[in-house]
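Given next are the chains, with one letter for each unit.
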Amino acid sequence: MPKEGRRKTSKDFGLSGTPLTEGSRAERRTAGKSSQICDDLAQTAAQITTSSAAGAPTVMDARRVPQVTITPEGGGCSREIQQEDWEDPVVGPLRRKLSNSSISSTGSSVVESEDDLLSDNESKSKGIVTLEPLVDTGESKPWWKLKTIVHWPFSATQRRKLSWVQLAGHKGNFKAADEGTILKKFSENEVQCFEKLREDALLSFVPGYHGVVEKDGESFLHMTDLLATFDLPNVMDCKMGVRTYLEEELVRARERPKPREDLYRKMVEVDSDGPTPQEHSQRGVTKPRYMQWRESMSSTNTLGFRIEGIKKCDGTCRTDFKKTRSRQDVIQVFRDFVGGDVDTIKSYLSRLTDIQQALKTSDFFRQHEVIGSSLLFIHDHTGNAQVWIIDFGKTTALPEGQTLNHDIPWQEGNREDGYLWGLENLLQTLKSVCSEGTAGETFCSVTKEKNQTTETEGQ
Ligand code: I3P
């Protein structure tokens, strides 16, 4: 199967320029995937209608909510905009500072890399902070450069809110969209999944999907922004399953092995003894070999899930979990992620238990091999905590009549993905986090009761 199918245009979906309906507006207010929209920033922008700076927004433009994105040079989490970035002289020094910044390693949906959030043009001009008008009037407007608005009176809170997050996934995948929504690069596979999920038991656990739209000549999935309802969210991306590559990738690599130097370099960066002597001499490893190595280094093989990245409300971002393997290591990462807050773990456990139940009744889940999909954990200081099932780019329908258990070992040909096994391990891991915390015992028994109740109800 090709990585992405034919790119359908919006015409294929009869969606050209169709505005969102009230229903979809209501839906997207509830939750979303990858960015954060700043209402107070919008108000600030609306007040700054008298700016006389060259290229400054007009009155009408200024009412649009601007969204800041930063182009990284490598992949990696979006780097939070720091105070000094805003206070530095913009021309020259700012560009230099941003382009040399430690916008570190890779990129989430939660957000997955800043490159992912930028138009092709932005990607070309690396290291420039830009503001994008979120309301599409149909006119072609140039992107606003930061230098035109650098004197805007952003408060510290507003600055902190100006962040995109992308913790995993491919660069160049995301664009800002209308308030509370994002655009994700078109994937035929993912569209098909979202279309089927409209009628499925999993619907309330996946991001809102509003169809396919076209922007700047490219097709995108229009999706709810999962971060939109949070205030300074903390976000973690956990990739689910015991296998992160498709069986067909394995077959392809066997038939036509294509050693890749970029994967070889990524491997050596983590473990110089990782490659075999032959791989060292050819300075390349095949994709399945790299993916299998990643699985064995991390907790994918041992626990059926792995932590991909974390973005915390203080702006710190980590994607260096390639060697986070043991249950105890994972427990420690979760504990740090929630700052020892047992109530947050309690909310996560409750939501994960609901997801587990829904998966067990989902026709979609039974009929699909779920590879490379993540659970996205989001919480903030208000006590809001959610988990969403995201990323269906490599989730593949089984032949008619075939189904998967999702909790039996994978053997080539059976297409099992170990998703449910991983989820059970994740639940147990979170229970350990909570039982090692102060209120642990109490809460774990609550979860047990919840499971028992659901089982009884199901009989
Ligand atoms: C990447 C990660 C991605 C994978 C990508 C890998 O490795 O496993 O899931 O994309 O393959 O390089 P890492 O996490 O170590 O950066 P897919 O899931 O789409 O296969 P790619 O380089 O072929 O895009």
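See the structure above.
All of the points below concern the structure found in this document. (Residues numbered from 1 in each chain as written. Predicted model: local features only at pLDDT ≥ 70, side-chain atom pairs only at ≥ 80, totals over all residues. Heavy atoms only, no water.)

### Observations regarding helix α15 (residues 342–361)
One full turn of an α-helix is made of 3.6 residues, so residues set three or four places apart face in the same direction.
Part 1: Over its 20 residues, α15 runs 29 Å from end to end, which matches the ideal 28 Å to within 8%, given 1.5 Å per residue.
Part 2: All of the buried residues in α15 are Val342, Thr344, Ile345, Tyr348, Leu349, Arg351, Leu352, Thr353, Ile355, Gln356, Ala358 and Leu359.
Part 3: The N-cap residue of α15 is Asp341: its side-chain oxygen and the backbone nitrogen of Asp343 are 3.1 Å apart. (Helix = DSSP H or I, 4+ residues; strand = E, 2+ residues; numbered from the N terminus. Expected span 1.5 Å × (residues − 1). Buried < 20%, exposed > 50% of the residue type's maximum accessible area, 1.4 Å probe, protein only. Polar contact = N/O pair within 3.5 Å; in protein donor to acceptor, adjacent residues only side chain to side chain.)

### Considering the site of the ligand
Part 1: The ligand sits among 13 residues. The nearest are Lys239, Lys266, Lys287, Tyr290 and Arg294.
Part 2: In this structure, Tyr290 approaches the ligand through a side-chain N or O atom, which is 2.4 Å from an oxygen atom.
Part 3: Elements that contribute at least two residues to the shell around the ligand include exactly α10 (261–270) and α12 (287–297).
Part 4: No other element matches the 4 residues that α12 contributes to the shell around the ligand. (Near = heavy atom within 4 Å.)

### Quick notes on the nonpolar core
Part 1: With 53 residues, the main nonpolar core has Phe334, Leu375, Phe377 and Ile389 as its most contacted residues.
Part 2: Excluding its chain neighbours within four sequence positions, the residues that come into contact with Phe334 are Met236, Cys238, Ile307, Phe377, Leu426, Leu430 and Val433.
Part 3: Counting residues in each nonpolar core, the second largest holds 10 residues, with Tyr245, Met267, Tyr290 and Met297 among its members. (Core = buried A, V, L, I, M, F, W, Y, C linked by side-chain atoms within 4.5 Å. Contact = heavy atoms within 4.5 Å.)

### Regarding the packing of α15 against helix α17 (residues 419–435)
Part 1: α17 packs onto α15 with a crossing angle of 160° between their chain directions and a minimal axis gap of 10 Å. Viewed along their axes, α15 and α17 adopt a mutual orientation that is roughly antiparallel. In terms of crossing hand, the pair formed by α15 and α17 is left-handed. Counted together, Val342, Ile345, Tyr348, Leu349, Leu352, Thr353, Ile355, Gln356 and Leu359 of α15 and Tyr419, Leu420, Leu423, Glu424, Leu426, Leu427, Leu430, Lys431, Val433 and Cys434 of α17 form the full contact between these two elements.
Part 2: By residue class, the composition of the contact of α15 with α17 is 15 nonpolar, 2 polar and 2 charged. (Axes fitted to C-alpha atoms, helices over the stretch in contact; angles between N-to-C directions. Parallel < 35°, antiparallel > 145°, perpendicular 65-115°, else oblique. Left-handed = near helix turned anticlockwise from the far one by under 90°. Nonpolar A, V, L, I, M, F, W, Y, C, P; charged D, E, K, R; others polar.)

### Describing the packing of aromatic side chains
Part 1: Going through the model one piece at a time under the given rule, you end up with 9 aromatic pairs.
Part 2: Between Phe365 and Tyr419 the ring centres are 5.3 Å apart and the planes differ by 75°, which places this aromatic pair in the edge-to-face class. Of this pair, Phe365 sits in helix α16 (residues 363–366) while Tyr419 sits in helix α17, and the two are 54 residues apart along the sequence.
Part 3: For Phe365, a relative accessible area of 4% corresponds to the buried category.
Part 4: Relative accessible area serves as the criterion here: at 1%, Tyr419 is assigned to the buried category. (Phe/Tyr/Trp six-rings, centres within 6.5 Å; stacked < 30°, edge-to-face > 60°.)

Purely spatial values, then, with no claim about function.
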